[in-house]
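Summary of structural features
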Amino acid sequence: MIVPAIPLGYTTPPPGVGIPYGATNPATQPYTMPTLRWDTAHWPITVYIPPAPPILGLSQQDCVHALNTWQAYCSSSPLVTLADRPAQAAIQLQWHPLPPTAHPNMCGHTQIQVSAHTGHIVGANLTIITNAAIDQRLTIPQRQQRIRATLGHEMGHALGLRHSVDTQSLMHPQQGWRFTTPSAQDILQCQRLYGHR
Ligand SMILES: [Zn+2]
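So, on to the overall build of the protein. Summing up its helical and strand segments, the protein has four helices and six strands in all. For the protein, the succession of helices and strands along the chain, N to C, is β-β-α-α-β-β-β-β-α-α. Here the protein holds 197 residues, and the buried ones make up 39% of them.

Of note, the amide linkage connecting Trp43 to Pro44 takes the cis form, showing an omega dihedral of 10°. Among the secondary structure elements, Pro44 is positioned in the loop between strand 1 (18-21) and strand 2 (45-48).

Looking now at the pairing of strand 5 (residues 108-114). Across the seven residues of strand 5, six count as buried, placing the element largely inside the fold. Inspection of the sheet shows strand 5 paired to strand 6 (residues 121-129) by seven bridges, in the antiparallel sense. Note on strand 6: the bridge partner recorded for Ile112 is Ala124. The loop that links strand 5 with its antiparallel partner strand 6 comprises six residues; one of these, Gly119, has a positive phi angle of about 80°.

Right, let's talk about the packing of helix 1 (residues 60-67) against helix 3 (residues 140-159) for a bit. Direction vectors running N to C along helix 1 and helix 3 enclose 45°, while the axes themselves pass 8 Å from each other. The pairing of helix 1 with helix 3 is recorded here as oblique in orientation. Crossing of helix 1 against helix 3: the hand is right-handed. Within the contact between the two elements, helix 1 uses Cys63, Ala66 and Leu67 and helix 3 uses Arg148, Leu151, Gly152 and Met155. A per-class count over the contact of helix 1 with helix 3 returns five nonpolar, one polar and one charged.

Moving on to the pairing of strand 6. Inspection of the sheet shows strand 4 (residues 91-96) paired to strand 6 by six bridges, in the parallel sense. Bridge pairing in strand 6 links His96 to Ile129.

With respect to the helices and strands, the residue Ser164 is situated in the loop between helix 3 and helix 4 (184-194). Accessibility expressed as a C-beta count within 10 Å gives 24 for Ser164, which makes it buried. Between the C-alpha atom of Ser164 and that of Gln174, which follows or precedes it by 10 residues, the distance is 9.9 Å. Setting aside residues no more than four positions away along its own chain, Ser164 makes contact with Ser169, Met171, His172, Gln185, Asp186 and Gln189.

So, on to helix 3. An ideal rise of 1.5 Å per residue puts 28 Å on 20 residues; helix 3 measures up with 28 Å between its terminal C-alpha atoms. The element helix 3 is largely enclosed, with a buried count of 15 among its 20 residues.

For helix 4, the full list of buried residues reads Asp186, Gln189 and Cys190. Along the axis of helix 4, the buried residues cluster in a sector spanning 95°; they form a single face. Facing away from the buried surface of helix 4 by more than 90 degrees, the exposed residues are Ala184 and Leu188. Buried-residue contacts for helix 4 involve helix 2 (71-74) and helix 3. Of the residues flanking the end of helix 4, it is Gly195, one or two places downstream, whose phi is positive at about 80°.

The next point concerns the environment of Cys190. Note on placement: Cys190 falls in helix 4. Separated by 29 residues in sequence, Cys190 and Leu161 have C-alpha atoms that sit 6.6 Å apart. Setting aside chain neighbours within four positions, we find Cys190 in contact with Trp70, Tyr73, Cys74, Leu159, Leu161 and Pro182.

What follows concerns the nonpolar core. By size, the foremost hydrophobic cluster in this structure holds 41 residues, and its most contacted members are Val47, Ile91 and Leu159. Counting only elements with at least two residues in this core, the list comes to strand 2, helix 1, helix 2, strand 4, strand 5, strand 6 and helix 3. With six residues, helix 3 is the largest single contributor of residues to this core. Here Val47 is in contact with Leu67, Val80, Leu82, Ala83, Ala89, Ile91 and Leu93, once residues within four sequence places are set aside.

Thresholds, definitions, all that
Residues numbered from 1 in each chain as written. Predicted model: local features only at pLDDT ≥ 70, side-chain atom pairs only at ≥ 80, totals over all residues. Helix = DSSP H or I, 4+ residues; strand = E, 2+ residues; numbered from the N terminus. Buried ≥ 20, exposed ≤ 12 C-beta atoms within 10 Å, placed from the backbone. Pairing = 2+ DSSP bridges. Axes fitted to C-alpha atoms, helices over the stretch in contact; angles between N-to-C directions. Parallel < 35°, antiparallel > 145°, perpendicular 65-115°, else oblique. Left-handed = near helix turned anticlockwise from the far one by under 90°. Contact = placed C-beta atoms within 7 Å. Nonpolar A, V, L, I, M, F, W, Y, C, P; charged D, E, K, R; others polar. Expected span 1.5 Å × (residues − 1). Arc of directions from axis to C-beta. Core = buried A, V, L, I, M, F, W, Y, C linked by C-beta atoms within 7 Å.

Here's what the structure looks like:
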């Protein structure tokens, strides 16, 4: 999630390298169909989740639940499973304070890795900002919901979903932090990639 003041752009990614995903500006980048996806034969996706900063009050299972937001729409079996160590995981999650150079409204960021061999997504790095500017206006429960929504939003990017122009969507770049469940448009995007379940 990022605000439109930073048009980082979205380009067709070269295979085999880390790709910033979702840093799109809907004002200048028209909505495009997602094309990159995982090979579901390799699911569940292993995820490494370091302990959340205590102030967030979120357990590992809370985080898994948020990442599994998409499971009902793309997988008939568990979507993610916890890895004990980062090296064992296809998805690495990190909690990070807002970088000084980042836009203050940034809530999270995702980079995906694509196999040059198969063209499928094979990994992702999810960064969840622990002190987004919006948090100053939120109560603790609202802040926990913001983090859950950010986890779901960034997991959407990890699955290959792009930003939605629908302001009611979890995948909307500015409003997604308000929602912890995918909208009809989010679900449609997910099903275009992974079929109906
Ligand atoms: Zn995003």
